[in-house]
Amino acid sequence: MPEIAEIARAVHYLRIHLVGKRIASAEAIDDANVFGKVGTTGAAVAAALKGKKVVSAGTQGKYFWITLEKPPHLVMHFGMTGKNDKTAYTNYFKKMEDSEYAVWPPKFWKFSIVTDDEPAVEVAFTDPRRFGRVRLVDCPGEAIRKHSPLVENGPDPVVDKDRFTEDYLRGKMTSRHVPIKALLLDQTMISGIGNWVADETLYHAQMHPEQYCDDFSDAEIKKLYESICYVCDLAVEKLGDSDQFPEHWLFNHRWGKGDKNSPSKLPNGEKLSFITVGGRTSCFAPAIQKKTGRVAASAKTELAVKKESGEEKVPPKKARKSTSKTIVEKADEGKTIPKKDRKPADKAVKLEGKDTTPSKGKRSNATTSDGSKSKKVKIEPVADDGGRRRSGRLRK
């Protein structure tokens, strides 16, 4: 799912290419998911955009918007763009060269707009899986964050420095009793933190993702607050371009679960493991992210195993012979014991096979109806690059 950095990139390009311009024309398809599930239609969105001047663009966590010279305004959310953590699905705005595209609007478009200046700027919102949401909010532009859906969400760690403070985080952590990873993913607590950002901040704070949020000391909470600010600020500053992330970041090494050709440890030698917390797969370094308090008892750990003498080879499930004595590994002792003799408190280690990754999406180009050249701005999915997840590398 696109997170705080990817959304910041979208708004960055909107401000460069669209803000201050007047929309000459707008088109939208009637998608019951993208528009209908948030109470509007493609026709209503197109009508609201046509002829209006774009005054500003803004972001709060995973939401972003454009305000027009008069309401209603457009609020967008990219939604869930893929379940496979290894796959770099993300949507982003991108300037396009006319010579690279033969068809406009691009594939999977939901709405598109053309400005009235010369050369014109064309913007398209694409969503192949239809998980995104585009809605109209009827309110004064400067008050848009005081209305739904933005008002229900917590402060953004980058744009809301006055609200997202150490005291704010401490108050939320001490008043809840959920695993810390689940708290970080709760958008009503903090806006914009998704799976990889949460794992990155917990790694730098040296916190175990499964530990309950109300079982940390003041010193640990302070360290987590500083880690959240560090990771979010730098990721947004780099506009989500993972090529510019520091090499020691967990992000650069976390995407190879089950892939024998991927790293199973960090450059400093720390081994990686995976654990399911809050319904999401979390990557962490158990040697430094140790439990210092109570933890949820239901999480399942999956080790990123690669022996020094070579990769651990495990047959796929369908090729394994059935046996009455299923062998599992006891995570805290490294012993193998029959499942029938295993106590309920033992944690099973599951070694999974290689993931598959969808291919990259196609790109396209066009000119305006009168034959003049125009700038193209598109939202599109970006697939995995060489077995490593990208947070949306910018291609120019």
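Just so you know, these numbers come straight off a predicted model, no measurement behind them.

Conventions adopted
- Residues numbered from 1 in each chain as written.
- Predicted model: local features only at pLDDT ≥ 70, side-chain atom pairs only at ≥ 80, totals over all residues.
- Heavy atoms only, no water.
- Axes fitted to C-alpha atoms, helices over the stretch in contact; angles between N-to-C directions.
- Helix = DSSP H or I, 4+ residues; strand = E, 2+ residues; numbered from the N terminus.
- Parallel < 35°, antiparallel > 145°, perpendicular 65-115°, else oblique.
- Left-handed = near helix turned anticlockwise from the far one by under 90°.
- Contact = heavy atoms within 4.5 Å.
- Nonpolar A, V, L, I, M, F, W, Y, C, P; charged D, E, K, R; others polar.
- Salt bridge = Lys/Arg side-chain N within 4 Å of Asp/Glu carboxyl O.
- Buried < 20%, exposed > 50% of the residue type's maximum accessible area, 1.4 Å probe, protein only.
- Polar contact = N/O pair within 3.5 Å; in protein donor to acceptor, adjacent residues only side chain to side chain.
- Core = buried A, V, L, I, M, F, W, Y, C linked by side-chain atoms within 4.5 Å.
- Domains from an automatic or database assignment.
- Arc of directions from axis to C-beta.
- Pairing = 2+ DSSP bridges.

**What about the packing of helix H5 (residues 195-205) against helix H6 (residues 218-237)?**
Move 1: The geometry of H5 relative to H6 is characterised by a closest axis approach of 8 Å and an angle of 130° between their N-to-C directions. On the basis of their axis angle, the class for H5 and H6 is oblique. Helix-helix and strand crossings are classified by hand; for H5 and H6 the assignment is right-handed. Mapping the contact onto sequence places Trp196, Val197, Glu200, Thr201, Leu202, His204 and Ala205 in H5 and Lys223, Leu224, Ser227, Ile228, Tyr230, Val231, Cys232 and Ala235 in H6.
Move 2: Here the residues of the contact of H5 with H6 sort into 10 nonpolar, three polar and two charged.

**Examining the pattern of salt bridges**
Move 1: Counted according to the given criterion, the structure contains 19 salt bridges.
Move 2: In this structure, Asp218 engages Arg170 in a salt bridge whose closest nitrogen and oxygen atoms are separated by 3.2 Å. Of the two residues, Asp218 sits in helix H6 while Arg170 sits in helix H3 (residues 166-175), which places them 48 residues apart along the sequence.
Move 3: Among the salt bridges present, the one from Glu226 reaches Lys222, with a minimum N-O distance of 3.3 Å. Residue Glu226 and its partner Lys222 are both found in helix H6; the two are separated by four residues, about one turn of the helix.
Move 4: Take Glu226: its relative accessible area is 41%, and that puts it in the partly exposed class.
Move 5: Residues joined in a network through salt bridges with shared partners are Glu166, Asp167, Arg170, Asp218, Lys222 and Glu226.

**Notes on the side chain of Glu6**
Move 1: The residue Glu6 is located in helix H1 (residues 4-17) in this model.
Move 2: There is a polar contact of 2.8 Å between the side chain of Glu6 and the backbone nitrogen of Glu3.

**Description of the nonpolar core**
Move 1: Residues Met173, Leu224 and Ile228 are the most contacted members of the largest nonpolar core, which totals 36 residues.
Move 2: Among the secondary structure elements, those contributing two or more residues to this core are H1, H3, helix H4 (180-185), H5 and H6.
Move 3: Looking at which element gives the most residues to this core, the answer is H6, with 10 residues.
Move 4: If you count residues domain by domain, this core takes at least three from each of domain 1 (4-152) and domain 2 (166-303).
Move 5: Among the nonpolar cores identified, the runner-up in size contains 26 residues, and Leu14, Phe35, Phe64 and Val134 belong to it.

**Description of H3**
Move 1: Of the positions making up H3, those classed as buried are Leu169, Arg170 and Met173. For H3, the angular spread of the buried residues around the axis is 100°, confining them to a single face. Pointing more than 90 degrees away from the buried face of H3 are the exposed residues Asp167 and Ser175.
Move 2: The elements touched by buried residues of H3 are H4 and H6.

**Quick word on the pairing of strand E10 (residues 273-277)**
A regular strand places its side chains so that they alternate between the two faces of the sheet.
Move 1: Counting buried positions along E10 gives four out of five residues, so the element sits mostly inside the fold.
Move 2: Bridge count for E10 against strand E11 (residues 280-284) is five bridges, and the pairing is antiparallel. Bridging across to E11, Ser273 finds its partner in Phe284.
Move 3: Turn length for the E10-E11 hairpin, with the two strands adjacent in sequence and antiparallel, is two residues, and the turn residue Gly278 shows positive phi of about 60°.

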